[in-house]
Structure formats: structure tokens, C-alpha cells
Amino acid sequence: MSFEEIIEDIFSRRAQKISGHDPWRYGEELAKKSDEIEFNWLVNNLEIKKDMTIIDVGCGSGRHVIYLATLTEVGNVIGCDFIEKYINFLNDNIETLKLENAKGVIGKATNFVDKIDIVEADIVMGVGVIQYLTSKEELSKFAENCGKIIKNGGSLILKHPLSTVETFVLDYERKEMETRYIAKYYNLTDLMEMLNDYFDLVKIERVFTKENLGEDLQNIERDNRARQMWIHLIRK
């Protein structure tokens, strides 16, 4: 099996065990805390308006989608994930909350443009997504999808464990999550090589710090070769 197939299988198997929000990354309490830090950064750094469309690629069970739909004035926010169970959970939440500015769509990071019935978006988010695109072909397809749907001057927002050395792959058993973990931590040079045709780099900023996370920082950034970073790019 390829890394792509293995990673899809890992997430699909994990989804079978989850009945609600998936605390995939850090466990329930820390996942909620980190999600709130991420959301606060998004609303403080992006000018979100009523006429905007935002797409959250790899949205999981959709916590960021719900936050954006309920706590900002965004006109339209779409969550996209390849796991049907997560999208069903998100759409059930949207229906329960009677949100008219949000929906969930089944699709992959490599084909989401074909699954979403809109012409263009103001912002595409990939929060903890591209590390699971471990081949050049997958990352290229993601970049191409983003380039197609983001309007000129629009934003691509990535959150990624950016390597400070060479790009490297992690492949190990996460005992606390009872699952195998495979991810590719890109360095900036390799990442921008795939994005340069469509985007200009605007900002790189640390996601988690001692100030916003305290002692929990060591439970998130476990590999000294990489740091979780916001990468803000603008469509050319």
C-alpha cells in the first residue's frame, strides 16, 4: 500500500471509533484548547466579512466550521473531508443549530474543487492537512485545487508542522491514540516549490507558544525539528 492509502485507512478506521468530535491530534481536552487558539488566530488575522466564502479543507468533524458559522459574520463556510461519517456529524450539527451559512461536503484535499458547487472562494483553510499529503503528486493536486478556486487576492491559510531542517517523514505508533501515525513535515523551500505558481507568501507565524498554551506546549510540539506554524499565502 502507498502512504496515501495507508493514511486514508488510518483515518477511516479511527472514524469508526468516534461518535462525535474527533480529538485526533491531542486528546479531547487539549484538542478543544488548541482548536480555540487556532480559531482566535483566524478571526484576529483575517478580515472576515458577510459576503465571503471560506472553505475548510480536511475539516474533520467540523469544529472550526461551526465556530466560524456561529461566531463570525461569514456569508458561507464549507467544510470538506473525505470521511463521510465526519461530514454527516457536521451536517447534523449544522441542522441542529439551524445554520444557513454552513454545510459539509465529502471530498479530498486533492479533489475538493470538483465536489463543491461554487465558482470561487475568498479563503481556503488547511489546518493540519498538508502533512498527510506525503507525495509530490498529492501536494501538487492540492495546490492546483486551491489555485483554481481562490479568487485573485484571496488567501490560502495553512497550519503545518514546518520543518526547520530537511523535509522528513514521521512513521510510528501513537500508543495513546491506538493508531499508527504517518506524516510528512515539509520545510519552507520544498513547500513553496509546490505553491509558487499560484501564491505569494505573506506571513509565517508560530501557532502555539508558552503564552497561549503554557506547559501543554510540550505535548504538541514533540519533535525539535519542526514547529507548528501559520503560513498565510495570497493568490497571485
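All figures in this text were calculated on a predicted structure; none of them were measured in a lab.

### Here's the deal with the packing of helix α6 (residues 136-149) against helix α7 (residues 188-195)
One can describe the packing of α6 onto α7 by two numbers: an axis separation of 9 Å at closest approach and a directional angle of 55°. With respect to α7, the axis of α6 lies oblique. Note on element contacts: α7 touches α6 through Leu-191, Glu-193, Met-194 and Leu-195, opposite Lys-136, Leu-139, Ser-140 and Ala-143. Of the residues that constitute the contact of α6 with α7, the class distribution is five nonpolar, one polar and two charged.

### Let's talk about the packing of aromatic side chains
On inspection of all chains with the given rule, the structure shows seven aromatic pairs. With centroids separated by 4.3 Å and ring planes inclined at 10°, the aromatic side chains of Trp-41 and Trp-230 adopt a geometry described as stacked. Of this pair, Trp-41 sits in helix α2 (residues 28-45) while Trp-230 sits in strand β9 (residues 226-235); the two residues are 189 residues apart in sequence, bridging distant segments of the chain. We note that Trp-41, like Trp-230, is buried. Aromatic rings pair up to connect Tyr-132, Tyr-172 and Tyr-181 into one cluster.

### Thoughts on the sheet that holds strand β2 (residues 76-81)
Strands sit in the order β3-β2-β1-β4-β5-β9-β8 across an open sheet of seven strands; the sheet is mixed. The two strands at the open ends of the sheet, each matched to only one other strand, are β3 (102-106) and β8 (199-206). Each strand axis lies, on average, 20° off the axis of its neighbour in the sheet, ignoring direction. In this sheet, strand β5 (residues 150-163) lies alongside strand β4 (residues 121-127) in parallel orientation, the contact comprising six bridges. Its bridge partner lying in β5, Ile-123 is registered against Ser-155. Packing of helix α3 (residues 63-71) onto the sheet brings it into contact with β1 (53-57), β2, β3 and β4, and relative to β2 it is tilted by some 175°.

### What to know about the side chain of Glu-221
Tracing the sequence through the fold places Glu-221 in the loop between α9 (217-220) and β9. One polar contact links the side chain of Glu-221 to the main-chain amide nitrogen of Gln-228, over a distance of 2.8 Å.

### A look at unusual backbone geometry
Despite not being glycine, Lys-98 shows a phi value in the positive range, around 55°. In this structure, Lys-98 sits in the loop between α4 (84-97) and β3.

### Quick word on the pairing of β5
Of all 14 residues in β5, 11 are buried; the element is thus mostly enclosed. Considered for its hand, the β-α-β crossover made up of β4, α6 and β5 is right-handed. Note that β5 and β9 share nine bridges and pair antiparallel. Paired with Pro-161 across the strands is Gln-228, a residue of β9.

Definitions and cut-offs
- Residues numbered from 1 in each chain as written.
- Predicted model: local features only at pLDDT ≥ 70, side-chain atom pairs only at ≥ 80, totals over all residues.
- Heavy atoms only, no water.
- Axes fitted to C-alpha atoms, helices over the stretch in contact; angles between N-to-C directions.
- Helix = DSSP H or I, 4+ residues; strand = E, 2+ residues; numbered from the N terminus.
- Parallel < 35°, antiparallel > 145°, perpendicular 65-115°, else oblique.
- Contact = heavy atoms within 4.5 Å.
- Nonpolar A, V, L, I, M, F, W, Y, C, P; charged D, E, K, R; others polar.
- Phe/Tyr/Trp six-rings, centres within 6.5 Å; stacked < 30°, edge-to-face > 60°.
- Buried < 20%, exposed > 50% of the residue type's maximum accessible area, 1.4 Å probe, protein only.
- Pairing = 2+ DSSP bridges.
- Polar contact = N/O pair within 3.5 Å; in protein donor to acceptor, adjacent residues only side chain to side chain.
- Right-handed = clockwise from strand over helix to strand, strands pointing away.

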